[in-house]
Amino acid sequence: MPPPPPPPADNSTGVTVAMVFAGVGVYSAVNTVLGFFIFFAALSQSNSSGTGGATAFLVVGAVVLVLVGLVAGVGLLFVRKPWATGMGLGLMIGWALWSITTAGFCTGINPGLYG
């Protein structure tokens with residue numbers, strides 16, 4: 001009796017790594033676009049009626065970026081497919097990289113923005 005055939009090759013590592021880079025790119029694009037809109041809206045609000053409205057815009061922007069980067073990233077990890085795992089890790093890595101490299105200004109976690 002011949003031995004059983006070897007299992008098929010699984011290329012999930014390459015897909016996961018590629019999707020990590022794609023996730024970082026997706027988060028960077030979302031952060032850039034949303035960041036410009038939020039900062040311009042906050043600046044126009046602070047020029048017209050004080051800082052209360054500007055702070056509200058910044059808080060909403062920070063919450064949306066956390067939802068996109070961390071909550072969506074963790075949610076994709078639960079899908080348990082190689083592409084979803086890579087994309088989820090990429091979104092979370094993107095959020096962390098933007099937070100670290102910009103001292104939290106681009107992700108809204110720097111307390112200096114609110115005071």
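Everything below is about the structure printed above this text.
Quick notes on the rules
- Residues numbered from 1 in each chain as written.
- Predicted model: local features only at pLDDT ≥ 70, side-chain atom pairs only at ≥ 80, totals over all residues.
- Heavy atoms only, no water.
- Helix = DSSP H or I, 4+ residues; strand = E, 2+ residues; numbered from the N terminus.
- Rg over C-alpha atoms; globule rule 2.2 N^0.38 Å.
- Buried < 20%, exposed > 50% of the residue type's maximum accessible area, 1.4 Å probe, protein only.
- Patch = residues over 30% accessible without salt bridge, like charges linked within 9 Å, V, L, I, M, F, W, Y side chains within 5 Å.
- Areas by Shrake-Rupley, 256 points an atom, 1.4 Å probe, with all protein chains shown as cover.
- Salt bridge = Lys/Arg side-chain N within 4 Å of Asp/Glu carboxyl O.
- 1 Å grid on protein atoms, 1.4 Å probe; cavity = no way out; pocket = protein on both sides within 12 Å on 5 of 7 lines; lining within 4 Å.
- Points joined across faces, edges and corners; volume = space filled by probe spheres on them.
- Nonpolar A, V, L, I, M, F, W, Y, C, P; charged D, E, K, R; others polar.
- Core = buried A, V, L, I, M, F, W, Y, C linked by side-chain atoms within 4.5 Å.
- Contact = heavy atoms within 4.5 Å.
- Phe/Tyr/Trp six-rings, centres within 6.5 Å; stacked < 30°, edge-to-face > 60°.
- Polar contact = N/O pair within 3.5 Å; in protein donor to acceptor, adjacent residues only side chain to side chain.

### Description of the overall build of the protein chain
Move 1: Along its length, the protein chain carries three helices and zero strands.
Move 2: The N-to-C order of helical and strand elements in the protein chain reads α-α-α.
Move 3: The C-alpha atoms of the protein chain give a radius of gyration of 20 Å, which is well past the 13 Å a tight globule of 115 residues would have.
Move 4: With the C-alpha coordinates aligned to their principal axes, the bounding extent of the protein chain is approximately 85 × 20 × 20 Å.
Move 5: Taken across its 115 residues, the protein chain has 31% of its residues classed as buried.

### Concerning a nonpolar patch on the surface
Move 1: Taken together, Val59, Val63, Leu67 and Val71 make up a surface patch of nonpolar side chains, about 320 Å² in accessible area.
Move 2: Of note, Val63 is situated in helix H2 (residues 52–77).

### Some thoughts on empty space enclosed by the protein
Move 1: Summed over all chains, the structure comprises one cavity of 30 Å³ or more.
Move 2: Lining the largest cavity are 14 residues, and of these Ile38, Phe39, Leu65, Cys106 and Gly108 lie nearest its centre.
Move 3: Looking at the lining of the largest cavity, the elements that each hand over two or more residues are helix H1 (12–49) and H2.
Move 4: Residues belonging to the lining of the largest cavity are distributed by class as follows: 10 nonpolar, four polar and no charged.

### Topic: the nonpolar core
Move 1: Membership of the largest hydrophobic core is limited to seven residues, which are Tyr27, Leu65, Leu76, Ala84, Met87, Leu91 and Trp95.
Move 2: Elements supplying a minimum of two residues to this core: H2 and helix H3 (82–101).
Move 3: When residues of this core are assigned to their parent elements, the largest contribution, four residues, is made by H3.
Move 4: Dropping the residues within four chain positions of it, Met87 is found in contact with Met19, Val20, Ala22, Gly23 and Leu76.

### Remarks on the packing of aromatic side chains
Any pair of aromatic rings gets described here by the distance separating the centres and the angle formed by the planes.
Move 1: Under the definition given, this model contains one aromatic pair.
Move 2: For the pair Phe36 and Phe40, a centre-to-centre distance of 6.2 Å together with 15 degrees between the ring planes defines the contact as stacked. Placement of the pair is Phe36 and Phe40 together in helix H1, with a separation of four residues, close to one helical turn.
Move 3: By relative accessible area, Phe40 is classed as exposed at 55%.

### Focus on the side chain of Ser99
Move 1: Structurally, Ser99 is set in helix H3.
Move 2: Accessibility expressed as a relative area gives 9% for Ser99, which makes it buried.
Move 3: Within the local environment of Ser99, its side chain forms a polar contact with the side chain of Thr107, the two groups lying 2.9 Å apart.
Move 4: Contacts of Ser99, omitting those with residues within four sequence positions, involve Gly104, Thr107 and Ile109.

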